[in-house]
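# Understanding the architecture of this molecule
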Amino acid sequence: MLKKLIVFVFCLVCIDSVANNGYNLWLQYRFIQNEELRLNYQSNIQKLIPVGNTESIKVGLEELKRALNGMLGSEFLSETHDEYANTLLFGSEENLSEDIRIQLGNAFNEINDEGFIIRSFSVKGKKYIVISGKTDVGVLYGVFNFLKLLQTHQSIEKLNIVDSPKIKIRVLNHWDNLDRTVERGYAGFSIWDWHRLPDYIDPRYIDYARANASIGINGTVLNNVNANALILTPQYLEKVEALANVFRPYGIKVYLTARFSAPIEIGGLKTADPLDPDVIKWWQDKAKEIYARIPDFGGFLVKANSEGQPGPQNYGRNHVDGANMLANALDPFGGIVMWRAFVYSEHDTTDRAKQAYTEFVPYDGQFKDNVIIQVKNGPIDFQPREPFHPMFGAMPKTPLMMEFQITQEYLGQSTHSVFLPKLYEEVLQSDTYRKGKGSIVAKVIDGTLDNKRLTGIAGVSNIGNDINWTGNPMLQANWYGFGRLAWNPYLHADTIAEEWLRETFSNHEDFVEPVKEMMLNSLEAVVDYMTPLGLHHIMATGHHYGPGPWVSNLSRPEWNPVYYHKADSLGIGFDRTPTGSNATAQYAPEVASKFNNLETCPEKYLLWFHHVSWHYKLKNGETLWDGMALKYQEGVNQVASMRYTWKQVKPYVDEERFNEVDMLLNIQYKEAKWWRDACLLYFKQYSKMPLPKGVEKPTQTLGYFESLRFPFAPGN
Ligand code: GCV
């Protein structure tokens, strides 16, 4: 007992004395206190043998040394180990000796070019752990996965892991501007120091690449989709080239957003008409120029004819004309075009939720092979909860890539601890019924539903130059989780949360279990205190920080929250059934009928699809008004319990990160109450019903909430 106590106190001292600002993300490589485990790892890895001499192998070796020294004690890997030492060997298939290759058997047939094999075996009394793949980048992914085993304290005695990414293009989208502001960024300024590039290579670029490679992200779109054409000038391409050179060993390709009007703005042409021969030639020459600098350049991401961005429609052309013209320019070099489907028009008076589908679905099958359409997860815009985008079930002949938002534009920004893999999982598991039951979105995205060759997934980055990268240590989990789901869209949020917690903070069960639960419940909490029961887009104007259900005076109808909630004296909600906008008709009949029918429509989407009376009876017997008010309260209660949980795990967390998360949870709690009070006071004007028992009384008036202004809210 005494011994246990001493060990416990020692542990506390260790944890507390190590300052941790979160910069190292999930690549903490903490010293393994458990001696038995540490000795076991040490005896299995006495010698490191890199096979091959490429940059990817070299960075793999550096990572292994850094990690093993951190976890197993400094410099335990002695150069003097004899040839019988147990060995960790890593290299690609073609560089392995025949003896080693034979041990890996047919495993190479089971992986793709980015996949890896980790296998342990003994030959003549000597133990081997071999990490291999078809390419050196595959090997690097294997190295990071091996290190994950160690970081999460798993056995390395009988290893036989064979794994490959299921999606080909796994990219972060940075909405970073050239002046280093970040659109919808809540973690400081852009990490791209354009002014000092190309000569100054910030070490952060390397750490960014390490972090991405560790979760299998293989591409980065460096600049904002609201694009500046200057990025395509030689002055900036030189800087882009420098970044591409840093990222290459880590398997990360660089992509750029292409401003459709660039031929005019930087090319001196009079038009950007995609069918104009001079415009076509301008883009072909631009592609040639880019590839001369960056031979593995990934391609372009394009936001066209959306929210004021220029596009082919400015010239009477369509999305196919625009995307295919750019695709033709990139094709000779193997580049792709990611063409965004986030479009809605002020001139279209139909439901905004229907517009992307209406505009794109007729073009199914008309895009070139190297075009992929990037579709947001839901039909409106990254709300705390949306049903899946109907386009995922409607374009069998066109590659569609998922766009998730990792940055929390509408989910409390970086002060609210929300674990987004829960949201991603919900979308990926949604059934489109396109080919009958089981046609889930994950199968559309990984291409298996329709045998697609080009597959992709994008996450709008939450990274900035804050020391902890994401402005809140808990939100690093969303970058991590996006990467893990991009690698394997069938993973469960539960698994991801657990891995991340073990790697990032502690393997102690008394830490992992409660904090995992807190993370897994955090999405429902934010949905409840912001937009329960299918409410959506009732955030304040512009910056989207805080509630604004009362806003009704913006120039475009679909920018106003009142457009979405439609509260009136009879009830609340947007009727998207056949009696209303009929947006449900864009889904497969099985899905449409489920959403149309009040009996079968999941209550989490109730007010997304239906306008119902304040007296409507929910499944639990409560009236809609009471149920809604109680949901708002439940969201607040959930944050209270998150705060409590966090306080309980103080002994397992370093002081710096503990305090930071603690303070942020306090802000979240305050803001959850703000959301509850402001929304309930506002909706109460229509329901004219009292707050049910159990819901706290607001301490401010509606007028007070309406008067709040945040002229310098970030990310706007
Ligand atoms: C980059 C929303 C955001 C915009 C963003 C846009 C998009 O409307 O508020 O900041 O612009 O989505 O995804 O293009």
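Residues numbered from 1 in each chain as written. Predicted model: local features only at pLDDT ≥ 70, side-chain atom pairs only at ≥ 80, totals over all residues. Heavy atoms only, no water.

What surrounds the ligand is a group of 14 residues, the closest being E183, K303, R340, K376 and E409. One of the side-chain nitrogen or oxygen atoms of E409 is found 2.5 Å away from an oxygen atom of the ligand. Each residue belonging to the shell around the ligand can be placed in one class, and the counts come to three nonpolar, three polar and eight charged. (Near = heavy atom within 4 Å. Polar contact = N/O pair within 3.5 Å; in protein donor to acceptor, adjacent residues only side chain to side chain. Nonpolar A, V, L, I, M, F, W, Y, C, P; charged D, E, K, R; others polar.)

What follows is about the domain arrangement of the chain. Entries for the chain in the domain assignment read domain 1 (23–163), domain 2 (169–439 + 454–491) and domain 3 (528–574 + 611–707). The centre of domain 1, based on its C-alpha atoms, is set 49 Å off from the matching centre of domain 3. (Domains from an automatic or database assignment.)

Another aspect to go through is the sheet that holds strand 4 (residues 126–132). Spatially, 1-2-4-3-5 is the arrangement adopted by the five strands of the open sheet, whose pairing is mixed. Of all strands in the sheet, those bounded by a partner on one side alone are strand 1 (47–50) and strand 5 (160–163). Ignoring strand direction, the axes of neighbouring strands in this sheet form an average angle of 20°. Pairing between strand 1 and strand 2 (residues 87–90): four bridges, direction parallel. Its bridge partner being in strand 2, I49 is matched across the sheet by L89. The sheet contacts of helix 5 (residues 136–151) involve strand 2, strand 3 (116–123), strand 4 and strand 5, and relative to strand 3 the element is tilted by about 70°. (Pairing = 2+ DSSP bridges. Helix = DSSP H or I, 4+ residues; strand = E, 2+ residues; numbered from the N terminus. Axes fitted to C-alpha atoms, helices over the stretch in contact; angles between N-to-C directions. Contact = heavy atoms within 4.5 Å.)

Quick look at helix 12 (residues 421–428) now. Each turn of an α-helix holds 3.6 residues, which means side chains three or four residues apart point in the same direction. When you tally the buried positions in helix 12, you get six out of eight residues, the bulk of the element. Taken together, the buried positions of helix 12 are occupied by P421, L423, Y424, E425, V427 and L428. For helix 12, the secondary structure elements touched by its buried residues are strand 12 (400–405), helix 13 (441–445), helix 14 (476–487), helix 15 (493–504) and helix 16 (509–530). (Buried < 20%, exposed > 50% of the residue type's maximum accessible area, 1.4 Å probe, protein only.)

This next bit is on the side chain of N478. Along the chain, the position of N478 falls in helix 14. With relative accessibility at 0%, the residue N478 sits in the buried group. Those residues within four positions of N478 in sequence are excluded, and the remaining contacts are I406, Q408, V418, F419, L420, P421, Y424 and N462.

The next subject is the packing of helix 20 (residues 624–648) against helix 21 (residues 655–687). The contact between helix 20 and helix 21 brings their axes to 9 Å, and the two run at 170°. For the element pair helix 20 / helix 21, the angle class is roughly antiparallel. Its residues assigned to classes, the contact of helix 20 with helix 21 comprises 18 nonpolar, four polar and seven charged. (Parallel < 35°, antiparallel > 145°, perpendicular 65-115°, else oblique.)

Bringing the environment of Y250 into the picture now. As for its placement among the helices and strands, Y250 is situated in the loop between helix 7 (234–247) and strand 8 (253–257). In this structure Y250 comes out as buried when scored by relative accessible area, which is 8%. As a C-alpha pair, Y250 and L330 span 80 residues in sequence and 23 Å in three-dimensional space.

Now for the pairing of strand 4. Burial analysis of strand 4 places six of its seven residues in the buried class, which makes it a mostly covered element. Sheet topology places strand 3 next to strand 4; seven bridges connect them, and they run antiparallel. Bridge pairing in strand 4 links I117 to S132. What sits between strand 3 and strand 4 in their antiparallel hairpin is a turn of two residues, with K124 showing a positive phi close to 50°.

Residue placement: L554 occurs in the loop between helix 16 and helix 17 (561–565). Residue L554 is classed as partly exposed on the basis of its relative accessible area, which comes to 25%. As for L554 and T541, which are separated by 13 residues in sequence, their C-alpha atoms are 8.6 Å apart. If we skip the residues at most four places from it in the chain, L554 touches T541, W559 and N560.

Over its 14 residues, helix 7 runs 20 Å from end to end, which matches the ideal 20 Å to within 8%, given 1.5 Å per residue. The set of residues buried in helix 7 consists of Y236, L237, K239, V240, A242, L243, A244, V246 and F247. Residues of helix 7 that are buried make contact with helix 6 (203–215), strand 7 (219–221), strand 8 and helix 9 (277–293). (Expected span 1.5 Å × (residues − 1).)

Below, the discussion takes up the packing of aromatic side chains. Here the distance between the centres and the angle between the planes together describe a pair of aromatic rings. Tallied over the entire structure, the rule returns 43 aromatic pairs. Considering the side-chain rings of Y291 and F333, the 4.7 Å spacing of their centres and the 10° angle between planes classify their relative orientation as stacked. With Y291 in helix 9 and F333 in the loop between helix 10 (319–330) and strand 10 (336–340), the pair connects residues that are 42 residues apart, well separated along the chain. In this structure Y291 comes out as buried when scored by relative accessible area, which is 7%. By way of ring pairs, the aromatic residues Y23, W26, W192, Y205, Y208, F247, W469, W479 and Y480 are connected into one cluster. Lying across the ring of W469, R204 places its NZ or CZ 4.4 Å from the centre. Its guanidinium or amino end placed over the ring of Y563, K566 lies 4.7 Å from that ring's centre, counting from NZ or CZ. (Phe/Tyr/Trp six-rings, centres within 6.5 Å; stacked < 30°, edge-to-face > 60°. Lys NZ or Arg CZ within 6 Å of the ring centre and 35° of its normal.)

We now examine the nonpolar core. One finds F146, F247, W283, W339, W479, W646 and F683 to be the most contacted residues of the largest nonpolar core, which totals 228 residues. L89, I100, A107 and I117 belong to the second largest nonpolar core, which has 12 residues in total. (Core = buried A, V, L, I, M, F, W, Y, C linked by side-chain atoms within 4.5 Å.)

It is worth spelling out the pattern of salt bridges at this point. With the rule as written, the count across this model stands at 38 salt bridges. As a salt-bridge pair, D193 and R180 come within 3.4 Å of each other at their nearest N and O atoms. One end of the pair, D193, is in the loop between strand 6 (169–173) and helix 6; the other, R180, is in the loop between strand 6 and helix 6, and 13 residues separate them in sequence. For R180, a relative accessible area of 23% corresponds to the partly exposed category. Where R340 meets E403, a salt bridge forms, and the shortest distance between an N and an O atom there is 2.7 Å. (Salt bridge = Lys/Arg side-chain N within 4 Å of Asp/Glu carboxyl O.)

To continue, consider the packing of helix 6 against helix 7. One can describe the packing of helix 6 onto helix 7 by two numbers: an axis separation of 9 Å at closest approach and a directional angle of 50°. Considered as vectors, helix 6 and helix 7 are oriented oblique to each other. Seen along the crossing, helix 6 lies across helix 7 with a hand that is right-handed. Contacts between helix 6 and helix 7 involve Y205, I206, Y208 and A209 on the former and, on the latter, L243, V246 and F247. (Left-handed = near helix turned anticlockwise from the far one by under 90°.)

With respect to the helices, strands and loops of the structure, I294 is situated in the loop between helix 9 and strand 9 (299–302). Remark: the alpha-carbon pair of I294 and A242, spanning 52 residues in sequence, is separated by 9.2 Å. Once you skip the residues sitting within four places of it in the chain, I294 turns out to touch V240, E241, A244 and R248.

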